[in-house]
Amino acid sequence: MSDTKNKKIYKAKVAAIEKVTQSSFYIELKCENPVEVKAGQFVSIYCGGLTLRRPFSVFTNNNGNIGILFKERGKGTEYIKSLKVGDIVDLIGPFGNSFDIKNKKSLLIGAGIGVAPISYLKEKLDKNGITNTFAAGFLTKNEVPQKINIDKIYTDDGSIGEKGSIIDYLEKLIQEIDPEIIYACGPHIVLKTVADLGIKYNIETQVAMEKVMACSIGVCRGCVIDVIKDGKTVNASVCKDGPVFKGNEVVWQ
Amino acid sequence: MAITSVNFKGFNIKNPIMTASGTYGYNDEYDDFIDVSSLGAIVTKAISLKPREGNKHNRITETKAGMINSIGLENVGIEKFLTDKLPVLKKKNIEFVINIAGSTIEEYIELAKKCETNKIKAIELNVSCPNVKAGCLEFGTDENSLYELVSQVRKEFTGFLIVKLTPNVTSIEKLGLVAQNAGADAVSAINTLKGVSIKFNYFNGRFNKTIVQGGYSGSGIKPVAISAVYRLSKVIDIPIIGIGGIETLEDVLEFFAAGADAVQVGTANFTHPEIAGKLVRELEEYIIKNGFKDLEELKKKLRK
């Protein structure tokens, strides 16, 4: 009885784990049943005794082999980093909405580890023959993951690509590429800038947000942000209503 | 009758595993993980007279052995609950308790009346939420206010009336007695403990801080909860529903041993969304495996 109900619980086996930049890692988890994941969706991993599962955007998905990128930031990611090939992981998901893919000339913005869901999105756009440009910003060359197909790179120290923060190049990028839609994931300030520019140039923006979560499924109301719906400011949960929001609907703090 | 059933006054549930308010929504979200109708009952997220937006952001943080939340009773309000959520619970045959929260006695009375009109079988009075400015916890910490509130609600509501007690008092026994004397059919204990977490990192010459002040829950509070149930069981005669840090069958049995008649699983639902269903199965297996006649016999032996 219970097994047919457990459609979002997986005992996944670590198929690969490797360091991909000086501070980030790639882990591939083989789920017991192949599972379909849309770009922008996330999975939540139980991290060895910690109360809160840690949510991760899906970076790759090949027949139920879910790949994620992560940085070691605290106890949760420290646990995941310690896993070895063959270890069993308690994973639930996929959760959340997803990027609402439009057949329009697209600009993709990723910053830091935020490139993970954007790279997955690019895969889907390419598959559908949608014209896109993927621009990504990092601190330095050693922070650029190899497995990603990026068109334009920016680094704070100029060690690869153009020098400076991607934030300072966003407006120029928009003018150059003249996109009809922008998708973005990265630090709050990058997303806010993308949203502001979207409004200025009257371009639709979709941003993938991040927030500490407890339940991952919209129950606890712990991860809410303010959004504008029908002219009113209301709560939206990042885990269920998001993580992808229209940039012009988010009330930026 | 199932071997695990619990016979509360006018509110019989098929097993003693319930889910705590605020951790199970109104059930829908858990369909992907378990058959919710297999649980004894779910307690709904706290419902107020009018919808509530809840507190501003940074509402949760992890602690050692648990978490702190400051949601602030965000909920859809009683009217929307009755029109949108109630029919779903009934259709799915899920037993439930409505957790009600108000800022004034009048609000609680109004809520109780609506529950009575809609033939709700059981309500849990939330007099112990630490995260809202008015009402709630004030009623739960003052003996006179609590007596007044419970007796007024009792007049309006004929179903099973549970009072959820706070641990943030000197003597939970006194408040439990007050609830009993005012006409409560049961108490549930405990709500969250008051907690604060300050997380910081040093960057560019200054500390960036994230402060979350609210209710502490999770496995760390279990000894406090067991103590509350244990002490309450010495002084009150009405049933006690134990809450606090339950994650395993051993935890459930420990609550029974301390004097609980049923339990509510809370924070663990976030960590393991299938946990409540798993505990139902494990409890039944435990009773059968050890040759107990039923749950009642198991409880009796645990308390000897």
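Computed from a predicted model, the values in this text were never measured in an experiment.

**Student:** So, the packing of aromatic side chains: which residues are in play, and what are the values?
**Tutor:** Under the counting rule described, the total for this entry stands at 16 aromatic pairs over all chains. Taking 6.0 Å as the distance between ring centres and 80° as the angle between the ring planes, the aromatic pair formed by Y26(A) and F59(A) counts as edge-to-face. Within this pair, whereas Y26(A) is found in strand β2 (residues 24-30), its partner F59(A) is found in the loop between β4 (54-57) and β5 (60-62), the two being separated by 33 residues in sequence. Residues Y26(A) and F59(A) agree in their burial class; the two are buried. Ring geometry for Y24(B) against Y30(B): centres 3.8 Å apart, planes inclined by 5°, an arrangement best described as stacked. As far as the burial class goes, Y24(B) and Y30(B) line up, both buried. An aromatic cluster of at least three residues, connected via ring pairs, comprises F42(A), F95(A), Y24(B), Y30(B) and F33(B). One residue, K147(A), lies across the ring of Y26(A), its end atom 4.1 Å from the ring centre. Just above the ring of Y230(B) sits the side chain of K234(B); from NZ or CZ to the centre is 4.1 Å.

**Student:** Run through the interface of chain B and chain A, naming residues and quoting values.
**Tutor:** Contacts between the two partners involve 32 residues from chain B, matched on the other side by 35 residues from chain A. Of the roughly 2800 Å² buried where chain B meets chain A, counting both sides, 56% is carbon and sulfur surface. Area buried by chain B at its contact with chain A is led by D32(B), F33(B) and E62(B), which between them contribute 23% of it. Inspection of the chain B/chain A interface yields 5 salt bridges. Taken together, chain B and chain A are joined by 11 residue pairs in polar contact (both at pLDDT 80 or more).

**Student:** Please provide a residue-by-residue account of the layout of surface pockets, values included.
**Tutor:** By volume, the second largest pocket amounts to about 820 Å³. Lining the second largest pocket are 33 residues, with R221(A), N235(A), A236(A), D241(A) and E74(B) positioned closest to its centre. Listed by contribution, the elements that provide at least two residues to the lining of the second largest pocket are β13 (204-208), β14 (224-229), β15 (232-237) and β16 (244-246) of chain A together with α1 (78-91) of chain B. With 4 residues, β15(A) is the single largest residue contributor to the lining of the second largest pocket. A breakdown of the residues in the lining of the second largest pocket according to their chemical character gives 9 nonpolar, 8 polar and 16 charged.

Reading guide: rules and limits
- The residue count restarts for each chain, going from 1 along the sequence in the order it is written.
- As they are written, the chains are lettered A onward and the ligands numbered 1 onward, keeping that order.
- Reporting in this predicted model follows two pLDDT cut-offs: at least 70 for local features of residues, and 80 or more for side-chain atom pairs to be given and counted; totals over whole chains, interfaces and linings ignore these cut-offs and use all residues.
- The basis for the side-chain values is all heavy atoms of the structure; hydrogens and waters are excluded.
- Stacked, edge-to-face and tilted are the three classes for Phe, Tyr and Trp ring pairs, Trp counted by its six-membered ring, which pair at centre distances within 6.5 Å; planes under 30 degrees apart are stacked, over 60 edge-to-face, the rest tilted.
- The helix and strand labels rest on DSSP assignments: H or I over at least four residues marks a helix, E over at least two residues marks a strand, and numbering proceeds from the N terminus.
- The classification of residues rests on relative accessible area computed with a 1.4 Å probe and restricted to protein chains. Under 20% of the type maximum is buried, over 50% is exposed, and intermediate values are partly exposed.
- Two conditions define a charge sitting above a ring: the NZ of Lys or the CZ of Arg must be within 6 Å of the ring centre, and it must be within 35 degrees of the ring normal.
- It only takes one pair of heavy atoms within 4.5 Å for two residues to be counted as in contact.
- A simple way to read buried area is as the amount of 1.4 Å-probe accessible surface that goes missing from two parts once joined, with both sides added.
- In the sections that follow, a salt bridge refers to a side-chain nitrogen of Lys or Arg positioned within 4 Å of a carboxyl oxygen of Asp or Glu.
- Any N or O atom pair separated by 3.5 Å or less is treated as a polar contact, with the protein-specific requirement of one donor-capable and one acceptor-capable atom, and with residues adjacent in sequence counted only for side-chain atom pairs.
- Each cavity reported here is a set of points on a 1 Å grid over the protein atoms alone in which a 1.4 Å probe fits but cannot get out, each pocket an open set with protein on both sides within 12 Å along at least five of seven lines, and each lining residue one with an atom within 4 Å of a point.
- Grid points are joined across faces, edges and corners, and a volume is the space filled by probe spheres set on the points.
- Gly is put with the polar residues, along with every residue not named as nonpolar or charged; the nonpolar set is Ala, Val, Leu, Ile, Met, Phe, Trp, Tyr, Cys and Pro, and the charged set is Asp, Glu, Lys and Arg.

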